[in-house]
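Letter by letter, the chains look like this.
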Amino acid sequence: MITEEIKETKDKLIPKRKNIRPIVVFIFILMLLFVGYHFLGNYFVGAIWIVNAILLGVLLLIIMILAGFAVLKSLFLVAAEFSLLMLLAQSYCGVSNRSISSDDALKILLAVGILYIVFTFFHSLYKEIKKFYKKDERGSWLKEKIGTGILFLFFAAILIWQIYLVVYPIIQNLCISK
């Protein structure tokens, strides 16, 4: 009789086997909170703030690293094209017999080449970001994924801006830009 009631209660609380892990984690965290408050008393809240700050820092560091890897992987994909374009432009600048029509042709070539490189870079970056952020089984986005996605894009934008700050002077110092 008692064993039947225990089994019924267990079946009501844990209807599926996959729900065991969240319940165990919840009980572990609850026990950790009670033990921490028992031993640390009033200092427990301060200790929790410190632990939360450390965990937030680690989470942001992981998101920064993932964003950096995605941006750099996309950058390495287009690095050969950009290097070839800059080699061509700098070699042209070293030639003594340039003409106005040749300068215009190089400007058009650089514009089209840079547009192609930017498109390829962002397309590759989009594919990398898509790997990290897939929709869940319900077909919707979770709040956590939206938050980490915004942070991911923020850190990726910062890295892209730094790449721009490095590349811009190279393009500005070409002979056709002066």
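Structure first, text after, so check above.
Residues numbered from 1 in each chain as written. Predicted model: local features only at pLDDT ≥ 70, side-chain atom pairs only at ≥ 80, totals over all residues. Heavy atoms only, no water.

Q: Is there a simple way to explain the overall build of the chain in this structure?
A: Of the regular secondary structure elements, the chain holds five helices and zero strands. For the chain, the sequential pattern of α-helices and β-strands runs α-α-α-α-α. Counting the 178 residues in the chain, one finds 19% classified as buried. A fraction of 70% describes how many contacts in the chain between residues 6 or more apart in sequence connect residues 24 or more apart. A total accessible area of about 14,000 Å² is found for the chain, and carbon and sulfur atoms account for 72% of it. (Helix = DSSP H or I, 4+ residues; strand = E, 2+ residues; numbered from the N terminus. Buried < 20%, exposed > 50% of the residue type's maximum accessible area, 1.4 Å probe, protein only. Contact = heavy atoms within 4.5 Å. Areas by Shrake-Rupley, 256 points an atom, 1.4 Å probe, with all protein chains shown as cover.)

Q: Help me out: how do you make sense of a nonpolar patch on the surface in this one?
A: A cluster of nonpolar side chains, V25, F26, I27, F28, I29, L30, M31, L32, L33, F34 and I48, forms an exposed patch at the surface whose accessible area comes to about 1,100 Å². Here the nonpolar patch takes ten residues from helix 2 (residues 20-40), the largest share from any one element. Within the fold, I27 resides in helix 2. (Patch = residues over 30% accessible without salt bridge, like charges linked within 9 Å, V, L, I, M, F, W, Y side chains within 5 Å. Salt bridge = Lys/Arg side-chain N within 4 Å of Asp/Glu carboxyl O.)

Q: Which parts of the structure should I look at to understand the environment of C93?
A: Along the chain, C93 falls in helix 3 (residues 44-93). Separated by 83 residues in the primary sequence, C93 and I176 place their C-alpha atoms 7.7 Å from one another. Sequence-distant contacts of C93, defined by excluding residues within four places in its chain, comprise R98, L174, C175 and I176.

Q: Which parts of the structure should I look at to understand the pattern of salt bridges?
A: Inspection of every chain in the model, using the stated rule, returns one salt bridge. As a salt-bridge pair, E128 and K73 come within 3.2 Å of each other at their nearest N and O atoms. Here the residue E128 occupies a position in helix 4 (residues 100-132), and K73 occupies one in helix 3, the gap between them amounting to 55 residues. Accessibility expressed as a relative area gives 10% for E128, which makes it buried.

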